[in-house]
Amino acid sequence: MKKIFISLFLAGFMFANAPLLRADDADGGLPGYFMNLGIGTRALGMGRAYVAVADDSSAVYWNPAGLALLERSEFNFTYFNLFSGTSYTDFAFSKSTARNFNYGMGMIRLFCGGIEVRDEYNVGDLATINDDNLAFFFSGAYRCSGEFSIGTNLKLINKMFDSSAQNWLAVDLSGLYLFSDKLSLGLNLQNFIQYQSGAQYSDNTLPLNIKAGVAYKLIDNRLTLALDADKTTGRSPKLHAGVEFSVNKMFTVRGGIDQENPVAGLGFNLKDFSIDFAIMNHPLGINHRESFIYMFGAPAPADPTVNAIQPASQPPQAASKFEVEANTMKEIPLAIYHLFPMDNLSVISARVKNNTRRSAKIRVVYNISLNNTKEQKEFILPAGMTHTVGLAPALDQETIRSIQALPTLASLFVEVDKVNDDGSVEQLLSEFRSTALLPYDQYNPQVPETIVAWVTPNDRALEEVITKTAAKGAALNPPVQLSGDTTSLDIQAQAKLLYDTLKDDYRVIFINQTAAYNDTQRVKLPSATLKSGGNSLELSVLFASLLESINIDPVIVMLPGQNHAIAGWKTYDEGKETLNLLETTAFGESFDSVLAKGKALDQNGAAMFDVKQIRTRIPPSPYIPR
């Protein structure tokens, strides 16, 4: 349905702007011409660029599909005198319901009385006649989805000139598509279907009129830019452009170009009452027009068939308009907290559904108890749409480093508000949730590749190891330089130097000890392992960090079902890749022994993590103790 509407809109917009052979721009004399000024004054102040805006009761004329956007019922009345005893009257009424269907009605009357009767010699006989034009609109609109509405008009039109009468029955079809809270498209096919009576005017059929428009909102939806084109059968296309700016809750300014004529308008709002004023250029002079609008009734509640999610802390009244749900992490892995923004991970997620018929500004306020500063995020939620926002409260590195050894309890706060046009807020949800902060060195095997974050060549404690290793290599004959990628033999010689320095200078050995918490385990960072030894995973992280610091491509291999990890490196000779592994449980033995045992391990089903490849996604941990 939406694709069909967009196709029709594009076809209508192009047709409305297509040049025709006939270029009679005047509408006077066309059946139903008196309806061209439409209903209401707001649209006139925007140059009649309104088919994609139509969000009030005047939509019964401009685009009946817009009635589906109305949350409250509304009455709109206009009366003003034109020239030479001619008056124009219109009114519109719209009713908002609890369902996706709204309806309305309207009336337009152009009356010219006291027309003096004269003969062919321009001699009057003091007799007068009246020209009375009247149209009634009966409208309905259905919201097919959050962004797409359709509408229709049934029009009863009567023209009475003296004692001669002509009647028409016509149908309008329209649509309104909200691409987002900012961009909308509107299409109205007026007089799409018609029937006429009155033999005297049997050839006076109502012309088909196509209105197509686009509207775009800026500055938190306070500024609306609109552009319309309409094409009447037998007439040249007409362009209309308009702008509307809401200065504050009470005052709105408007302007536009109606074909080639500049127009301007103002709007004054006071609670349930509004007054719209427009001033227009006319061949006979400047004229103005005023409308009085009254809104009544509470906003229509959500469709009762919708299953609303209503946490206990959500105000019942707000729940009828918005569905709000918040979820939080029960355990927060601080070891990879620096990865949350990059991987779009969320500590708090807030899901909001807008059951109303208008876009709403939503503000989510949140924080964590270790940080007293409350953060917030705002977004515009279109009518009928659902949006989920993911949030990660700010935690500085010093705070994360302070959480060691054992998990720390904390609380998360989340509040969801609707921000009204006047800046006031309507609270939709407010909750505190408890959580556990896992220490910065707590590793979760459920996300195994995050172990690469523990590989930290930026750890200053390793600089001393590299310095001692380089000195040993320089003393050899021939010398061995820590130059990273060269031949496989050179890389193995560098790896042997690093291992021997750990074994001889730091007495690093394997310790079969794992500190577990629920499904996680503590994995010491390299600086801690350097001082006290470590288990297989900690030794693998230490050795991989040293290899990466001298530009050798390290790998960590985890063997299935054994809770066992080994470290190694890759070499490339003549296009062939070779994997070299060290058995970490043998740390303390000779390098050749550790290398041979690593080669003998059964790697079937093992998970291998190539640090170089993963590094683009997972940088080294920034929580290295200073």
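In the block above lies the structure referred to throughout.
Residues numbered from 1 in each chain as written. Predicted model: local features only at pLDDT ≥ 70, side-chain atom pairs only at ≥ 80, totals over all residues. Heavy atoms only, no water.

Caption draft 1: Up close: the sheet that holds strand 20 (residues 386-391). Here we have three strands laid out as an open sheet, ordered 15-17-20, and antiparallel in their pairing. The two strands at the open ends of the sheet, each matched to only one other strand, are strand 15 (322-328) and strand 20. Pairwise comparison of adjacent strand axes, ignoring direction, gives a mean angle of 15 degrees for this sheet. Note: strand 15 against strand 17 (residues 348-354), seven bridges, orientation antiparallel. (Pairing = 2+ DSSP bridges. Helix = DSSP H or I, 4+ residues; strand = E, 2+ residues; numbered from the N terminus. Axes fitted to C-alpha atoms, helices over the stretch in contact; angles between N-to-C directions.)

Caption draft 2: Up close: the nonpolar core. Among the nonpolar cores identified, the biggest contains 53 residues, and Tyr337, Ile362, Val364, Val416, Ile451 and Trp454 are the most heavily contacted of them. With five residues, the top contributor of residues to this core is strand 18 (residues 360-368). Both of domain 2 (321-440) and domain 3 (444-617) provide at least three residues apiece to this core. Excluding residues within four positions of it along the chain, isoleucine 451 makes contact with Tyr443, Val523, Leu537, Val541 and Met558. In terms of nonpolar packing, the next biggest core, distinct from the first, is built from 31 residues, Phe34, Met46, Ala54 and Phe80 among them. (Core = buried A, V, L, I, M, F, W, Y, C linked by side-chain atoms within 4.5 Å. Buried < 20%, exposed > 50% of the residue type's maximum accessible area, 1.4 Å probe, protein only. Domains from an automatic or database assignment. Contact = heavy atoms within 4.5 Å.)

Caption draft 3: Structural detail: a nonpolar patch on the surface. Taken together, the side chains of Phe75, Phe77, Tyr79, Phe268, Phe273, Ile275, Phe292 and Tyr294 present a nonpolar region at the surface, about 770 Å² in accessible area. Put simply, the parts of the chain that give the nonpolar patch at least two residues each are strand 1 (73-81), strand 13 (273-280) and strand 14 (287-296). Considering each element in turn, the nonpolar patch owes the most residues, three residues, to strand 1. Among the structural elements, tyrosine 294 can be located in strand 14. Of the residues examined, tyrosine 294 reaches a relative accessible area of 34% and is grouped as partly exposed. (Patch = residues over 30% accessible without salt bridge, like charges linked within 9 Å, V, L, I, M, F, W, Y side chains within 5 Å. Areas by Shrake-Rupley, 256 points an atom, 1.4 Å probe, with all protein chains shown as cover. Salt bridge = Lys/Arg side-chain N within 4 Å of Asp/Glu carboxyl O.)

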